[in-house]
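Inside the fold
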Amino acid sequence: MPAKMIPYKFAQRDEDDMHARADALCAEMDRRRSCRFFSDDPVPRDLLEKVIAIAHSAPSGANRKAWRFVVVDDPKLKHEIRLAAEQEERESYGHRMPQAWLAALEPIGTDAHKPFLEIAPYLVVLFRIDWEEIDGKRYPNYYPQESAGIAAGFFIMACQQVGLCTLTHTPSPMGFMREILGRPVNEKPFLLMPVGYPAKDCTVPDLPKKPLSEALQWNAG
Ligand code: IYR
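Residues numbered from 1 in each chain as written. Predicted model: local features only at pLDDT ≥ 70, side-chain atom pairs only at ≥ 80, totals over all residues. Heavy atoms only, no water.

1. Examining the pattern of salt bridges
Note that side chains of opposite charge can pair when their charged atoms are close. Filter applied, for reference: One speaks of a salt bridge when a side-chain nitrogen belonging to Lys or Arg is within 4 Å of a carboxyl oxygen belonging to Asp or Glu. Helix and strand assignments follow DSSP, with helices taken as H or I runs no shorter than four residues and strands as E runs no shorter than two, numbered in order from the N terminus. Residue exposure (1.4 Å probe, protein chains only): buried if accessible area is under 20% of the type maximum, exposed if over 50%, otherwise partly exposed.
Tallied over the full model, the rule gives 13 salt bridges. Lysine 209 is the salt-bridge partner of aspartate 30, the closest N and O atoms lying 3.2 Å from each other. Of this pair, aspartate 30 sits in helix H1 (residues 15-31) while lysine 209 is found in the segment after strand S6 (187-196), placing the two residues 179 residues apart along the sequence. For lysine 209, a relative accessible area of 55% corresponds to the exposed category. One salt bridge in this structure joins glutamate 187 and arginine 183, with 2.9 Å as the shortest N-O distance. Its relative accessible area of 2% is what places glutamate 187 among the buried residues.

Laid out in structure tokens, this is it:
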């Protein structure tokens, strides 16, 4: 049955305001960097929950919100996750990733060593829910990959906007996260995002930025 239709409470703004907001947001997001060196300074729990609420407001296939955010702050669990992730990463860096992939990662300077998984105050693990079981019957979710990706984008932007930093980390394969965190088989680990503040001496790679002109096309090419 179609839902009842209600008026859209849209905030209409004047053009100057729209430009000012676009410029401010652009400047803020331009400052965002993936953080690999975290401090262990605590982050208020309710602030993190607000950031997750923002991510949870993302649009999703058939409005199913086919995702779950699991927050880990238990040091024992973080240790277990670090050990499992580093074990997979050692295999990946050691022989699973082809030479071309390793070469592509060289400027970023990553390796199998992931201390941030224990240092960051929170690990937010995003699971993608491919199907749900209700009364013994399986119901597929629609576009779960895209939906989880959009929610992750909201999450990353919300972190930056409220003054937190994060990283989209994907130890691969990530099946161990489901076992460690006790999630059912219909939930697929999608992204592991440490959240906190950068370490005082945090550095980031000075990478060239692909100009927007290479990513934007108007009309037919
Ligand atoms: N998962 C590995 C490798 C890695 C892959 C990509 I694509 C990156 O942009 C960065 C790293 C790791 O986290 O080190």
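2. Topic: the site of the ligand
Note the following rule: The near set for a molecule or strand comprises every residue that places at least one heavy atom within 4 Å of it. In protein, a polar contact means a hydrogen-donor-capable atom and an acceptor-capable atom, both N or O and within 3.5 Å, with residues adjacent in sequence counting only if both atoms are side-chain atoms; elsewhere, any N or O pair within 3.5 Å suffices. Residues were grouped as follows: Ala, Val, Leu, Ile, Met, Phe, Trp, Tyr, Cys and Pro as nonpolar; Asp, Glu, Lys and Arg as charged; and all remaining residues, including Gly, as polar.
In the vicinity of the ligand, the residues found are Glu89, Tyr93, Trp101, Leu105, Thr110, Asp111, Lys114, His169 and Thr170. One nitrogen or oxygen atom from the side chain of glutamate 89 is found 3.0 Å from a nitrogen atom belonging to the ligand. Elements with a contribution of two residues or more to the shell around the ligand: helix H3 (75-96) and helix H4 (99-105). Residues belonging to the shell around the ligand are distributed by class as follows: 3 nonpolar, 3 polar and 3 charged.

3. Examining the sheet that holds S6
What counts, and what does not: Pairing between strands is defined by DSSP: at least two bridges between them are needed.
Judged by pairing direction, the sheet is antiparallel, and its 4 strands sit side by side in the order S1-S2-S6-S5 without closing on themselves. Strands at the two margins of the open sheet, each flanked by one partner only, are strand S1 (67-72) and strand S5 (165-166). In the sheet, strand S2 (residues 122-129) pairs with S6 via 8 bridges, with the strands oriented antiparallel. Its bridge partner lying in S6, arginine 128 is registered against lysine 188.

4. As for the state of the cysteines
Disulfide: a covalent bond formed between the sulfur atoms of two cysteine residues. Rules: By definition, disulfides here are pairs of cysteine sulfur atoms that lie within 2.5 Å.
Enumeration according to the criterion identifies 0 disulfides in this entry. Here cysteine 35 stays free of any disulfide, with the sulfur of cysteine 165 as its closest cysteine sulfur at 3.6 Å. Judged by relative accessible area, which is 3%, cysteine 35 ranks as buried. The cysteine cysteine 202 is free of any disulfide, with cysteine 35 supplying the nearest cysteine sulfur at 4.0 Å. Residue cysteine 202 is classed as partly exposed on the basis of its relative accessible area of 24%.

5. A short note on the nonpolar core
What counts, and what does not: Residues belong to one nonpolar core when they are buried, are Ala, Val, Leu, Ile, Met, Phe, Trp, Tyr or Cys, and are joined through side-chain atoms within 4.5 Å.
One finds Phe69, Leu126, Phe155 and Val195 to be the most contacted residues of the largest nonpolar core, which totals 23 residues. Every element with two or more residues in this core is listed here: helix H2 (45-56), S1, S2, helix H6 (144-162) and S6. Top contributing element to this core by residue count: H6, with 7 residues. One finds Phe38, Ala120, Val125 and Phe127 within the second-largest nonpolar core, a separate group that totals 21 residues.

Remember that the coordinates give geometry; whether it matters functionally is a separate question.
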